[in-house]
2 protein chains.
Amino acid sequence: MKDSEQYLERKAFFERVLTVYGRKPVLEVLQDPALTCHQLHLADNNREDGIITQLRELAQQRELPIKNHSRAALARISRNGRQDQGVALDVLCPAFQSIDTALDSLPTGARLLALDSITNPQNLGMIIRSAAAGAIDGIIYAKRGNAALGPLVIKASAGTVYKAPLLLCDKLPDALKLCRDAGMAICALDAKAEHSLFSHQHSAGSVFVLGNESEGVSKQVQQIATHTLSIPMRNGVESLNVAVTASLIAFASELNAGA
Amino acid sequence: MKDSEQYLERKAFFERVLTVYGRKPVLEVLQDPALTCHQLHLADNNREDGIITQLRELAQQRELPIKNHSRAALARISRNGRQDQGVALDVLCPAFQSIDTALDSLPTGARLLALDSITNPQNLGMIIRSAAAGAIDGIIYAKRGNAALGPLVIKASAGTVYKAPLLLCDKLPDALKLCRDAGMAICALDAKAEHSLFSHQHSAGSVFVLGNESEGVSKQVQQIATHTLSIPMRNGVESLNVAVTASLIAFASELNAGA
């Protein structure tokens, strides 16, 4: 195998690794036989109490490598030294990939979500949970600008983060331009838009962009968008929670199929 | 007018009054010209600072009665002496009514939600917001067992509580029996149910019962239910957030109409 191929394989592998931290989240993953783990990281100054022993035993049952680190090194691995509680775990998320890789293999008429500054971890977790359960082929997620995939998001997602088709990118605008160049509709959700989400169709596929709950979709993304869509509301209600909006997008086609 | 009629009119009036407490929630209501208020209650030991002065002025502009109470009396009015901050306001919610009254005037094929121990205020607020925005004719709400309609719920509802069609009852099982006797389908939502929400139809109307997020629908309600419905999920996701479930119910008919 050539060096470049090895490099790309390793890169694709690491894209699929989510490093979870905190004793409870790590324990929950190790206890779930449906999830595949790569290695357990422990700080070498952890007190060997009940839960640390339990984590070690579960890792040994799975024949996982256990690595000991200084607390500072562990903080670099978890990227959250304040909340990692001396514990981190590399979890393989089979449906994670980079947006570049994903674009080559998306089904015709794919439906993607894109997250434009979803900073509330509860909303992010709920969005991922609903998107994974519904008819969404991928969730475009930039690490910069959105809540990190930490314990609060994992909890709010009811553990579905590990199964969700997250399409990773560095900067959302660049990812959206790639999708637009591939012929997809870029649809900014906006409560004031004239056109209804429920009558939107685009045969080459659509990316539905959810904006920050206070600010809405950013100006930069608005300039890239090809469509602006709203959800029709009654009783003078002015907007919906962003996770509710995501859920309605995720289940729109299921509902239509069942009608 | 006969005494009994006067009594029933007064009762119907008080059913539509929601007593809001806390300085910020009260201020927000007084600042919203779309909302009708009945009277402002203040504790007589409030320090006359900026916000109290502002509340008084707004009430005077609306020609609202302002009543002063001892702190203990105010706590009885707000029903939350710890968090009322010496301030309470009676807000008229035109779409509130008792389930008994509502049953006589519901449209044919009405779609109701019913809340069976929704104890998380954020979920309750989101449910109310989505139901008010979508195609739901009423939300059956028993004070006992559910989160109280306090500041956290109002905030999570984005203020839509005041506009929402809340159908009040003492005990949920009794209200559900009334609806069942009127010919409506009583549908317990349950992630494990065989039948899909999206293919459910019942010409005499349906009540969709949402259970507690950990416990699900209670045994007592299960025994009253005529149907059990689930939402089909992909990727091994086992359940949806209860507010998301409510939103999919609320928008199911809108989605079908738009298809």
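Residues numbered from 1 in each chain as written. Chains lettered and ligands numbered in written order. Predicted model: local features only at pLDDT ≥ 70, side-chain atom pairs only at ≥ 80, totals over all residues. Heavy atoms only, no water.

Draft legend 1. Here's a closer look at the sheet that holds strand β4 (residues 87–92) of chain A. Residue and element names in this part refer to chain A. Taken together, the four strands give an open sheet; going across it, the order is β1-β4-β2-β3, and neighbouring strands pair in mixed fashion. A strand with exactly one partner marks an edge of an open sheet, and here the two such strands are β1 (17–21) and β3 (66–69). Geometrically, the sheet is characterised by an average inter-axis angle of 25° between neighbouring strands, direction not taken into account. In this structure, β1 lies alongside β4, joined through five bridges in antiparallel fashion. Counted as the bridge partner of Thr19 is Asp90 from β4. The strands touched by helix α2 (residues 23–30) within the sheet are β1, β2 (36–43) and β4, with β4 carrying the most contacts at an inclination of about 40°. (Pairing = 2+ DSSP bridges. Helix = DSSP H or I, 4+ residues; strand = E, 2+ residues; numbered from the N terminus. Axes fitted to C-alpha atoms, helices over the stretch in contact; angles between N-to-C directions. Contact = heavy atoms within 4.5 Å.)

Draft legend 2. Representation of the interface of chain B and chain A in the model. Contact residues are listed per partner, giving 33 residues for chain B and 33 residues for chain A. Together, the buried faces of chain B and chain A total about 3000 Å²; carbon and sulfur atoms form 58% of this surface. Scanning the region where chain B abuts chain A turns up two salt bridges. In this structure, Glu213(A) and Arg129(B) form a salt bridge, with 3.8 Å as the shortest nitrogen-oxygen distance. Our count for the chain B to chain A interface comes out at ten residue pairs in polar contact (both at pLDDT 80 or more). For the side of chain B that touches chain A, the secondary structure elements donating two or more residues are α6 (121–133) and α10 (242–258) of chain B. (Buried area = accessible area lost by both parts, 1.4 Å probe. Salt bridge = Lys/Arg side-chain N within 4 Å of Asp/Glu carboxyl O. Polar contact = N/O pair within 3.5 Å; in protein donor to acceptor, adjacent residues only side chain to side chain.)

Draft legend 3. Representation of the pairing of strand β3 (residues 66–69) of chain B in the model. Residues and elements named next belong to chain B. As defined by bridge partners, strand β2 (residues 36–43) adjoins β3 across four bridges and the pair is classed as parallel. Paired with Leu42 across the strands is Asn68, a residue of β3. Taken together, β2, helix α3 (residues 50–61) and β3 constitute a β-α-β crossover, and its handedness is right-handed. (Right-handed = clockwise from strand over helix to strand, strands pointing away.)

Draft legend 4. Main features of the relation of the copies chain B and chain A. When chain B is brought onto chain A, the operation consists of a screw motion whose angular component is 180° and whose axial shift is 0.0 Å, with 0.0 Å RMSD remaining. What we have between these two chains is a two-fold relation. A share of 100% of interface residues in chain B that are also interface residues in chain A marks the association as one of identical surfaces. (Least-squares fit on C-alpha atoms with pLDDT ≥ 70 in both.)

Draft legend 5. Region of interest: the packing of aromatic side chains. The tally for this structure, following the rule as stated, stands at four aromatic pairs over all chains. Considering the side-chain rings of Phe198(A) and Phe251(B), the 6.4 Å spacing of their centres and the 50° angle between planes classify their relative orientation as tilted. You can see Phe198(A) sitting in the loop between β10 (195–196) and β11 (206–211) and its partner Phe251(B) sitting in helix α10, one on each of two chains. For the pair Phe198(A) and Phe251(B), one class covers both residues: buried. On the basis of an interplanar angle of 80° and a centroid distance of 5.3 Å, the ring pair of Phe13(B) and Phe14(B) is categorised as edge-to-face. Taking relative accessible area as the criterion, Phe13(B) reaches 22% and is therefore assigned partly exposed. (Phe/Tyr/Trp six-rings, centres within 6.5 Å; stacked < 30°, edge-to-face > 60°. Buried < 20%, exposed > 50% of the residue type's maximum accessible area, 1.4 Å probe, protein only.)

Draft legend 6. The packing of α2(A) against helix α3 (residues 50–61) of chain A, seen in detail. All names here are of chain A. The geometry of α2 relative to α3 is characterised by a closest axis approach of 10 Å and an angle of 30° between their N-to-C directions. One way to sum up the angle between α2 and α3 is to call them roughly parallel. Regarding α2 and α3, the two cross each other, and that crossing is left-handed. Contacts between α2 and α3 involve Arg23, Val26, Leu27 and Leu30 from the first element and Ile51, Ile52, Gln54, Leu55 and Leu58 from the second. For the contact of α2 with α3, the per-class residue count stands at seven nonpolar, one polar and one charged. (Parallel < 35°, antiparallel > 145°, perpendicular 65-115°, else oblique. Left-handed = near helix turned anticlockwise from the far one by under 90°. Nonpolar A, V, L, I, M, F, W, Y, C, P; charged D, E, K, R; others polar.)

Draft legend 7. Geometry of the layout of surface pockets. All names here are of chain B. Its boundaries defined by the atoms lining it, the second largest pocket holds a volume of some 1000 Å³. Forming the walls of the second largest pocket are 32 residues, and the residues nearest its centre are Phe14, Val17, Arg79, Lys143 and Leu168. For the lining of the second largest pocket, the secondary structure elements donating two or more residues are α1 (3–15), β1 (17–21), β2, α4 (71–78), α5 (99–103), β8 (166–169) and α8 (172–181). In terms of residue count, β1 provides more of the lining of the second largest pocket than any other element does, four residues in total. (1 Å grid on protein atoms, 1.4 Å probe; cavity = no way out; pocket = protein on both sides within 12 Å on 5 of 7 lines; lining within 4 Å. Points joined across faces, edges and corners; volume = space filled by probe spheres on them.)

Draft legend 8. Structural detail: the sheet that holds β2(B). Residue and element names in this part refer to chain B. With respect to topology, four strands assemble into an open sheet ordered β1-β4-β2-β3, the strand pairing being mixed. The strands lining the two open edges of the sheet, one partner per strand, are β1 and β3. When strand polarity is set aside, the average angle formed by the axes of neighbouring strands in this sheet is 25°. Of the strands in this sheet, β1, β2 and β4 (87–92) are in contact with helix α2 (residues 23–30), which crosses β4 at around 40°.

Geometry only, nothing functional implied.
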